[in-house]
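Analysis of the macromolecular model
What follows is each chain in one-letter form.
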Amino acid sequence: MAASLSYSTAALCLSILMLLASSVVPSAASFNQDFDINWGDSRAKILNNGDLLTLSLDKTSGSGFQSKNEYLFGKIDMRLKLVPGNSAGTVTAYYLSSQGSTHDEIDFEFLGNLSGDPYTLHTNVYSQGKGDREQQFRLWFDPSADFHTFSILWNPKGIVFSVDGTPWATRGGLVKTDWTQAPFTTSYANFKSDACIWSSGASSCGGSLASGGNTWMLQELDATGIERMKWVHNNHMIYNYCTDAKRFPQGFSPECKATAS
């Protein structure tokens, strides 16, 4: 997908990686028409006339796919159902990224764990090749029991990660993967992109970014969204780069002031 961060403007590609395994079922997009399998050989398959895409991970390799379009600003939704049972050592990634050593990236990662332990949701944002904006949360539901919607809203005003409409602005490798449980399977469903497609140096939204009904282009968190974000931070956040003084003794990134208010 194509995307632009607050510090720069870049074309980003939507990529889905299963560093173990996954399935995808979109309603608003066809995997035959809108995506390419770019990794994993026969471990990745498009089924049901493009309505289903499965990715598998075995001990040899994982698999992945990416959008054919690039986007510059947009709202991206994907419904996911993650690896059930013992998923320790698995990572499912869903992200926007440009190319090159100074790439920009907007990143969802889902870190598996032992049966019965909660999944960790990891987010990060890269600008000009620099990340270090990690936040981690314990999900308040079992993401392997049913589908949930994970969204990225990206416009000139900022970036918002959401889970089932609630905004968010493997234990360090200590638990090893049990390969007797392979292949590991995750499901993606209902991909939807309401976004500006970037092609040949021009945006499909034209000169006026908010034209054509692109209300998301000017969208910001309202009072309800801010309260939901605070609830997530207060009850489910387990790591925040904006409070890690030991890691950043020279001071925090400028955006930390905004999220702290």
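Quick caveat: nothing in here was measured; it's all calculated off a predicted structure.

**Some words on the nonpolar core**
- Ranked by size, the top nonpolar core spans 40 residues in total, and within it Y94, F108, F110, F150 and W168 carry the most contacts.
- For this core, the secondary-structure elements that each account for two or more residues are strand 7 (52–55), strand 8 (63–81), strand 9 (91–97), strand 10 (105–111), strand 11 (120–126), strand 13 (148–155), strand 14 (158–163) and strand 16 (187–199).
- At seven residues, the largest contribution of residues to this core is made by strand 8.
- Residues within four places of F110 in sequence aside, it is in contact with L80, L82, T90, V91, T92, Y94, Y119, T120, L121 and F150.

**Quick look at the pattern of salt bridges**
- Counting across every chain of the model gives six salt bridges.
- With a shortest N-O distance of 4.0 Å, K68 and D36 are connected by a salt bridge. Here the residue K68 occupies a position in strand 8, and D36 occupies one in strand 5 (residues 35–39), the gap between them amounting to 32 residues.
- D58 is the salt-bridge partner of R43, the closest N and O atoms lying 3.0 Å from each other. Here R43 is found in the loop between strand 5 and strand 6 (44–47), whereas its partner D58 is found in the loop between strand 7 and strand 8, with 15 residues between them in sequence.
- Taken together, the shared-partner salt bridges connect D132, E134 and R247 into one network.

**With respect to the layout of surface pockets**
- The computed volume of the second largest pocket comes to approximately 250 Å³.
- Among the secondary structure elements, those contributing two or more residues to the lining of the second largest pocket are strand 13, strand 14 and helix 2 (223–236).

**What about the packing of aromatic side chains?**
- Under the criterion given, the structure shown has nine aromatic pairs.
- Here F35 and F65 contribute two aromatic rings whose centre-to-centre distance is 5.2 Å and whose plane-to-plane angle is 75 degrees, an arrangement assigned as edge-to-face. Note that F35 is positioned in strand 5 and F65 in strand 8, a separation of 30 residues in sequence.
- Given the relative accessible area of 2%, F35 is considered buried.
- Residue classification places F65 among the buried positions, given a relative accessible area of 0%.

**Observations concerning the environment of W231**
- Mapped onto the fold, W231 is located in helix 2.
- Residues contacting W231, with those up to four places away along its chain left out, are W140 and H236.

Rules used throughout
Residues numbered from 1 in each chain as written. Predicted model: local features only at pLDDT ≥ 70, side-chain atom pairs only at ≥ 80, totals over all residues. Heavy atoms only, no water. Core = buried A, V, L, I, M, F, W, Y, C linked by side-chain atoms within 4.5 Å. Buried < 20%, exposed > 50% of the residue type's maximum accessible area, 1.4 Å probe, protein only. Helix = DSSP H or I, 4+ residues; strand = E, 2+ residues; numbered from the N terminus. Contact = heavy atoms within 4.5 Å. Salt bridge = Lys/Arg side-chain N within 4 Å of Asp/Glu carboxyl O. 1 Å grid on protein atoms, 1.4 Å probe; cavity = no way out; pocket = protein on both sides within 12 Å on 5 of 7 lines; lining within 4 Å. Points joined across faces, edges and corners; volume = space filled by probe spheres on them. Phe/Tyr/Trp six-rings, centres within 6.5 Å; stacked < 30°, edge-to-face > 60°.

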